[in-house]
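The residues making up each chain are set out below.
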Amino acid sequence: MMTDILSLSIKELEELLKSKGEPAYRARQIFQWMYRGVTDFADMKNLPAALRAKLAEDCVVCSPEILAEQVSAKDGTRKYLFGLSDGNAVETVLMRYRYGWSVCVSSQAGCRMGCRFCASTVKGLARSLTAGEILAQVITINRLLAEEGSAEGGEPARISHIVVMGTGEPFDNYENLARFIELASAKEGLGLSRRSITVSTCGIVPMIERFGDEYPQVNLAISLHAATDEKRSALMPVNRKYPVAEVIEAAKNHASKTGRRVTFEYALTAGKNDTEADLKALTGLLKGMLCHVNLIPLNKVDGTGLETSGRKRAEEFRDLLEKAGIPATVRRELGSDIDAACGQLRLRKGEGV
Ligand code: SAH
């Protein structure tokens, strides 16, 4: 059995080294290499050759293979398809914002939530990712950015924000997600502020509660997509287990517990959730709550039979929500020319399950 040491905390790596008769301070050196994107022990030059050889016997540093890269000609958004050691593949998207570089990571290969509009769930769940596999998506892209930066002679760019909004349901993989957040925010790890990390869930209520207790600084986004049980269950099977009222109550508790606003994602889908009645239901649900609605013009996924309501309707929805006192924005359609919607590249390449 090989141990992926990228999934370990510095304390755990210290213990592992001690068990091999090595001094604990080597852990810090190895961390510096790993978080710079070095995955081959042979390249960790300040380690003695004997230790490098010993580590290679039963340890690895997760190193995804870049199977595909797409760059948007419109806005520079990049999408990567990363191959994992067992042949599965996941997508990661890099976006440039005014405030810096943001990466959208996958938490599972595939998904078992079955949302009707989503490409990631079409073939079901292959498996959950380890913390190291989630982290490696960020580290690999940081390494690519650093290489480009030094080639151009400028200051290398670095990822400053992470959204866990790629393929998979993060709360269906809670332990590894939690470990990932610990490593991403540890100072000897990626050293990011927890406030610059966002986790998006389809609404698994007990996990929303746990997450708020354990990670109150991390931003929470909830995929709502409809305001009545009838309509939400038709789009999102998870609603049959955790209906709208429970999701909203969990969101309200979260906002009061953390003092932070919850984001609701709402993908506007022609005839399914975009009528005046839908707007009224949504307004009634969210009035007075510490929240924000992120309206997304649906990205069309072949075979779903669902169509976008269009950007104009999204803008109308935003204006009407704002009028009702509910903060709302229309998500920029970054990477619309490169299959940047969840799971589309993976599906097209036929990777995974
Ligand atoms: N499982 C998590 C995170 C992954 S999905 C969740 O459900 O939140 C990230 C976001 O993209 C969710 O809001 C999801 O509903 C949305 N999404 C998925 N497919 C989409 C599509 N075809 N068009 C627009 N948004 C989509």
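All values reported here derive from a predicted model rather than from experimental measurement.

Conventions and cut-offs
- Position numbers for residues count from 1 along each chain, tracking the sequence in the order it is written.
- Residues qualify for local features only when their pLDDT is at least 70, as the model is predicted, and side-chain atom pairs are given and counted only at 80 or more; totals for whole chains, interfaces and linings, by contrast, use all residues.
- Calculation of side-chain values draws on the structure's entire complement of heavy atoms; hydrogens and water are dropped beforehand.
- Note on definitions. A residue lies near a molecule or strand when any single heavy atom of the residue is within 4 Å of it.
- Here a polar contact is recorded for every N or O atom pair within 3.5 Å, except that within protein the pair must consist of a potential hydrogen donor and a potential acceptor, and residues adjacent in sequence are included only if both atoms are side-chain atoms.
- For the accessible areas, the method is Shrake-Rupley and the probe is 1.4 Å, while residue cover comes only from the protein chains on display.
- Just so you know the grouping, Ala, Val, Leu, Ile, Met, Phe, Trp, Tyr, Cys and Pro go in nonpolar, Asp, Glu, Lys and Arg go in charged, and all remaining residues, Gly too, go in polar.
- In this analysis, strands are considered paired if DSSP registers two or more bridges between them.
- Secondary structure elements follow DSSP: runs of H or I of four or more residues count as helices, runs of E of two or more count as strands, with numbering from the N terminus.
- Angular values range over 0 to 180 degrees, each being the angle between N-to-C directions of two axes fitted as lines to C-alpha atoms, with helices fitted over their stretch in contact.
- Contact criterion: two residues are considered in contact whenever any of their non-hydrogen atoms come within 4.5 Å of each other.
- Helices are assigned an expected span. That span is 1.5 Å times one less than the residue count.
- Exposure is judged per residue with a 1.4 Å probe applied to protein chains only, and the accessible area is read against the type maximum: over 50% gives exposed, under 20% gives buried, and values in between give partly exposed.
- Throughout, the arc means that of the directions going from the helix axis to the C-beta atoms.
- Working definition: rings of Phe, Tyr and Trp (its six-membered ring) pair if their centres are within 6.5 Å, and the pair is stacked with planes under 30 degrees apart, edge-to-face with planes over 60 apart, and tilted otherwise.
- Oblique is the label for any angle not covered by the other classes, which are roughly parallel (under 35 degrees), roughly antiparallel (over 145) and roughly perpendicular (65 to 115).
- Here a crossing is called left-handed whenever its near helix is offset anticlockwise from the far helix by less than a right angle, and right-handed whenever the offset is clockwise.

Enquirer: Can you help me understand the site of the ligand in this one?
Expert: Around the ligand, 18 residues are found, and the nearest of them are G168, S200, S223, H225 and N299. S223 places a polar side-chain atom, nitrogen or oxygen, 2.6 Å from an oxygen atom of the ligand. A distance of 2.8 Å is found between a nitrogen atom of the ligand and a backbone nitrogen or oxygen belonging to N299. For the ligand, whose unbound accessible area comes to 540 Å², protein coverage reaches 95%. Tallied by class, the residues present in the shell around the ligand amount to nine nonpolar, seven polar and two charged.

Enquirer: Help me understand the sheet that holds strand β11 (residues 219-223), please; the structure alone is not making it clear to me.
Expert: Two orientations exist for strands paired in a sheet by backbone hydrogen bonds: parallel and antiparallel. Spatially, the 10 strands line up as an open sheet ordered β3-β4-β5-β6-β9-β10-β11-β12-β13-β14, and their pairing is mixed. In the strand order of this sheet, the two ends are held by β3 (65-71) and β14 (328-330), each with one partner. Geometrically, the sheet is characterised by an average inter-axis angle of 20° between neighbouring strands, direction not taken into account. Pairing of β3 with strand β4 (residues 78-83) involves six bridges; the strand directions are antiparallel. The residue bridging Q70 from the neighbouring strand is K79, located in β4. Packing of helix α4 (residues 131-152) onto the sheet brings it into contact with β3, β4, β5 (89-97), β6 (100-104) and β9 (159-164), and relative to β4 it is tilted by some 125°.

Enquirer: Would you explain helix α5 (residues 174-185) in this entry?
Expert: Three or four residues apart is the spacing at which side chains of an α-helix point the same way, because the helix has 3.6 residues per turn. The end-to-end C-alpha separation of α5 is 16 Å, in line with the 16 Å expected for 12 residues at 1.5 Å each. For α5, the full list of buried residues reads Y174, L177, A178, F180, I181, L183, A184 and S185. On the buried face of α5, the contacting elements are α2 (26-35), α4, β9, β10 (197-201) and α6 (205-214).

Enquirer: Just checking my understanding: could you explain helix α1 (residues 10-19) for this structure?
Expert: Among the residues of α1, I10, L13, L16 and L17 are the ones counted as buried. Burial along α1 is one-sided: seen end-on, the buried residues are contained in an arc of 120°. Of the residues in α1, the exposed ones pointing more than 90 degrees away from the buried face are K11 and S19. Contacts from the buried residues of α1 go to β1 (3-4), α2, α3 (49-58) and β2 (59-60). Once α1 ends, the next one or two residues include G21, with phi positive near 75°.

Enquirer: Can you help me understand the pairing of β4 in this one?
Expert: For a regular strand, the rule is simple: side chains alternate between the two faces of the sheet. Counting buried residues in β4 gives six out of six residues, a clear majority hidden from the surface. Residues R78, Y80 and F82 point to one face of β4 and K79, L81 and G83 to the other, with burial holding for every one of them. Where β3 folds back on β4, the antiparallel hairpin that results is connected by six residues, among which G76 adopts a positive phi of roughly 80°. In the sheet, β4 pairs with β5 via six bridges, with the strands oriented antiparallel. By the bridge assignment for β5, G83 is matched with A89. In this structure, the hairpin formed by β4 and β5 is closed by a connection of five residues, where G87 is found at a positive phi of approximately 95°.

Enquirer: How do you make sense of unusual backbone geometry when you look at a structure like this?
Expert: Glycine aside, residues mostly have negative phi, and peptide bonds are mostly found in the trans state. The phi angle at H225 is positive, at roughly 65°, despite the residue not being glycine. Along the polypeptide, H225 turns up in the loop between β11 and α7 (229-235).

Enquirer: Teacher, can you tell me more about the packing of aromatic side chains here?
Expert: We describe a pair of aromatic rings using the distance from one ring centre to the other and the angle between the two ring planes. Considering all chains together, one arrives at seven aromatic pairs under this definition. Judged by centre distance (5.2 Å) and plane angle (25°), the rings of F31 and Y35 are stacked. Taken as a pair, F31 and Y35 lie in helix α2 at a separation of four residues, close to a single helical turn. Comparing F31 with Y35 shows no difference in burial state: the two are buried. Taken together, a centroid distance of 5.7 Å and an interplanar angle of 5° make the contact between Y80 and F82 stacked. Note on accessibility: Y80 and F82 belong to one class, buried.

Enquirer: Help me understand the packing of helix α9 (residues 276-286) against helix α10 (residues 311-323), please; the structure alone is not making it clear to me.
Expert: Relative orientation of the contacting elements α9 and α10 amounts to 40°, with a least axis distance of 11 Å. Taken together, the axes of α9 and α10 are oblique relative to one another. Relative to α10, α9 is oriented so that their crossing is right-handed. Contacts from E276, L279, L282 and T283 of α9 reach α10 at R313, F317, L320 and L321. Of the residues that constitute the contact of α9 with α10, the class distribution is five nonpolar, one polar and two charged.

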